[in-house]
Amino acid sequence: MTTKMTKHGVSTTVSGEQYEKFYSSHRGKRVVCIMYDWRDPDTNELFSCVAPTLKECRQKRDEWFNKKINNPK
């Protein structure tokens, strides 16, 4: 799979979000997936996930971010 989101296996997301649609197969069916990266502009931490929709990716990011804010290390 060719992607613009990584170069030599490293995310190219500098700040904010970046995503790409790709197709996978599951039990012989073609499935649409979204590969999603978001880099926190304050801490430079990277969040990555794969989900069926962009909305689900953003929900996962928001859950991760809220958990990070409420439980700082």
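See the structure printed just above.
From a predicted model like this one, the values you see are computed outputs, not experimental measurements.

Thresholds applied
- Residues numbered from 1 in each chain as written.
- Predicted model: local features only at pLDDT ≥ 70, side-chain atom pairs only at ≥ 80, totals over all residues.
- Heavy atoms only, no water.
- Helix = DSSP H or I, 4+ residues; strand = E, 2+ residues; numbered from the N terminus.
- Areas by Shrake-Rupley, 256 points an atom, 1.4 Å probe, with all protein chains shown as cover.
- Pairing = 2+ DSSP bridges.
- Phe/Tyr/Trp six-rings, centres within 6.5 Å; stacked < 30°, edge-to-face > 60°.
- Buried < 20%, exposed > 50% of the residue type's maximum accessible area, 1.4 Å probe, protein only.

Draft legend 1. Up close: the overall build of the protein. Regarding its fold elements, the protein presents 1 helix and 5 strands. Across the protein, helices and strands are ordered from the amino to the carboxyl terminus as β-β-β-β-β-α. When the accessible surface of the protein is split by element, carbon and sulfur atoms take 51% of a total near 5,700 Å².

Draft legend 2. Quick peek at the pairing of strand β4 (residues 29–39). When strand β3 (residues 16–26) meets β4, the two strands line up antiparallel, connected through 11 bridges. Bridge pairing in β4 links E17 to W38. Counting the residues in the hairpin turn of β3 and β4 gives 2 residues, including R27, whose phi is positive at 55°.

Draft legend 3. The packing of aromatic side chains, seen in detail. Evaluated as defined, the whole model comprises 3 aromatic pairs. Pairing W38 with W64 gives two aromatic rings, centres 6.2 Å apart and planes at 80°, and the pair type is edge-to-face. Highlighted residues: W38 in strand β4 and W64 in helix α1 (residues 54–70), separated in sequence by 26 residues. On the numbers, 5.3 Å between centres and 35° between planes, the contact of F47 with W64 is tilted. Of this pair, F47 sits in strand β5 (residues 46–51) while W64 sits in helix α1, and the two are 17 residues apart along the sequence. For W64, a relative accessible area of 23% puts it in the partly exposed group. Each residue in the set W38, F47, W64 and F65 is aromatic and connected to the rest through ring pairs, giving one cluster.

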